[in-house]
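# Commentary on secondary and tertiary structure
Next come the chains, spelled out residue by residue.
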Amino acid sequence: MDMTTASCREFVKVLASNEPAPGGGGAAALVGAIGTALGNMVGSLTVGKKKYADVEAEIIALQKKCDELQKELLDQVPADAEGFVPLAKAYGIPKDDPNRDAVLEEATVIACKVPVHIMELCCEALDAIAVFAAKGSRLAVSDAGCGAVIVKSALQAASLNVFINTKTLKNRAYAEELNAKCLGMLDQYGKLADEIFETVKNGFFK
């Protein structure tokens, strides 16, 4: 079942159950899409306003980009579930099976791919939200700030779904490569999200 077609209540109900998916990765993807959409809303409230005519073309281009990011993030909800299936099956292989380690290793690598991609998409979203916050309608700037912190949480959540798997990989060189990539995204874009939030927040006290 593609949980993105379910109601919010149904999604949360299944998330809280003992079903293996959706889990942290799927939740991160959905939250990332929501945060991206909040930033995108600022664009929608900016376009067509005379006050922002000089940035309209840039905002429209960003809206198109965010439309694509929202769709791709939502696509990662079922993709994450599909990526977890081989790993769940691999853990069910008897421990005395000589092929278990190789199958488990391959399945673990597969399970890392979607959460890494979710992180990449969140980074792109934060770049867009930074522009919406700086150049979009001042009447909706709080939504850009909200979008930034929400996407940051999705970024962080997705990273944990990588790290829990890289910890068990036998190929430590590959594991450390993935870890370094994810830690880099967390550092750079976590800071960007914090900067957006602080700028928006401080603007209310001037």
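Residues numbered from 1 in each chain as written. Predicted model: local features only at pLDDT ≥ 70, side-chain atom pairs only at ≥ 80, totals over all residues. Heavy atoms only, no water.

## Describing the environment of Ala-125
We count it as follows: We count a stretch as a helix when DSSP gives it H or I for four or more residues in a row; a strand needs E for two or more, and each element gets its number in order from the N terminus. In what follows, residue pairs with any heavy atoms lying within 4.5 Å of each other are defined as contacts.
Mapped onto the elements of the fold, Ala-125 is located in helix H4 (residues 100-135). Setting aside residues no more than four positions away along its own chain, Ala-125 makes contact with Thr-36, Leu-69 and Val-151.

## Regarding the side chain of Gln-70
For clarity, the cut-off: Residue burial is assigned from relative accessible area. The probe radius is 1.4 Å, only protein chains are included, and a residue is buried under 20% of its type maximum, exposed over 50%, and partly exposed in between.
Topologically, Gln-70 is positioned in helix H3 (residues 56-91). In this structure Gln-70 comes out as buried when scored by relative accessible area, which is 17%. Residues contacting Gln-70, with those up to four places away along its chain left out, are Ala-33, Thr-36, Ala-37 and Asn-40.

## Concerning the packing of H3 against H4
The condition is simple: Whenever a helix is involved, its axis is fitted only over the stretch in contact; in every case the axis is a line through C-alpha atoms, and angles between N-to-C directions fall within 0 to 180 degrees. In this scheme, roughly parallel covers angles under 35 degrees and roughly antiparallel covers those over 145, while 65 to 115 is roughly perpendicular and the rest are oblique. Crossing handedness follows the turn of the near helix against the far one: under a right angle anticlockwise gives a left-handed crossing, and clockwise gives a right-handed one. Residues are grouped as follows: Ala, Val, Leu, Ile, Met, Phe, Trp, Tyr, Cys and Pro are nonpolar; Asp, Glu, Lys and Arg are charged; every other residue, Gly included, is polar.
Axis separation between H3 and H4 bottoms out at 9 Å; the angle between their running directions is 160°. The orientation of H3 relative to H4 falls into the category roughly antiparallel. Crossing hand, H3 versus H4: left-handed. Of the residues in the contact of H3 with H4, the class split is 24 nonpolar, five polar and seven charged.

## Examining the pattern of salt bridges
We count it as follows: For this document, the term salt bridge refers to a Lys or Arg side-chain nitrogen within 4 Å of an Asp or Glu carboxyl oxygen.
For the structure shown, the criterion picks out eight salt bridges. As a salt-bridge pair, Lys-191 and Asp-187 come within 3.3 Å of each other at their nearest N and O atoms. With Lys-191 and Asp-187 both in helix H6 (residues 172-203), this residue pair falls four residues apart, about one helical turn. Of the charged contacts, one joins Lys-201 and Glu-198 as a salt bridge, the two residues approaching to 3.0 Å between their closest N and O atoms. Of the two residues, Lys-201 and Glu-198 are both situated in helix H6; the distance of three residues between them amounts to about one turn of the helix. Of the residues examined, Lys-201 reaches a relative accessible area of 31% and is grouped as partly exposed. The class of Glu-198 is partly exposed, set by a relative accessible area of 32%.

## Observations regarding the packing of helix H2 (residues 24-44) against H3
As a packed pair, H2 and H3 sit with axes 8 Å apart at the nearest point and diverge in direction by 165°. When the axis of H2 is compared with that of H3, the two are roughly antiparallel. Classified by chirality, the crossing of H3 by H2 is left-handed. Contacts from Gly-25, Gly-26, Ala-29, Leu-30, Gly-32, Ala-33, Thr-36, Ala-37, Asn-40, Gly-43 and Ser-44 of H2 reach H3 at Ile-59, Gln-63, Cys-66, Asp-67, Leu-69, Gln-70, Leu-73, Leu-74, Gln-76, Val-77 and Asp-80. Each residue belonging to the contact of H2 with H3 can be placed in one class, and the counts come to 10 nonpolar, 10 polar and two charged.

## What about the environment of Gly-26?
Looking at the secondary structure, you find Gly-26 in helix H2. For Gly-26, a relative accessible area of 0% corresponds to the buried category. Here the alpha-carbon distance between Gly-26 and Pro-115, two residues 89 residues apart in the chain, equals 8.5 Å. Ignoring any residue separated from it by four or fewer positions in sequence, one finds Gly-26 in contact with Phe-11, Val-77 and Asp-80.

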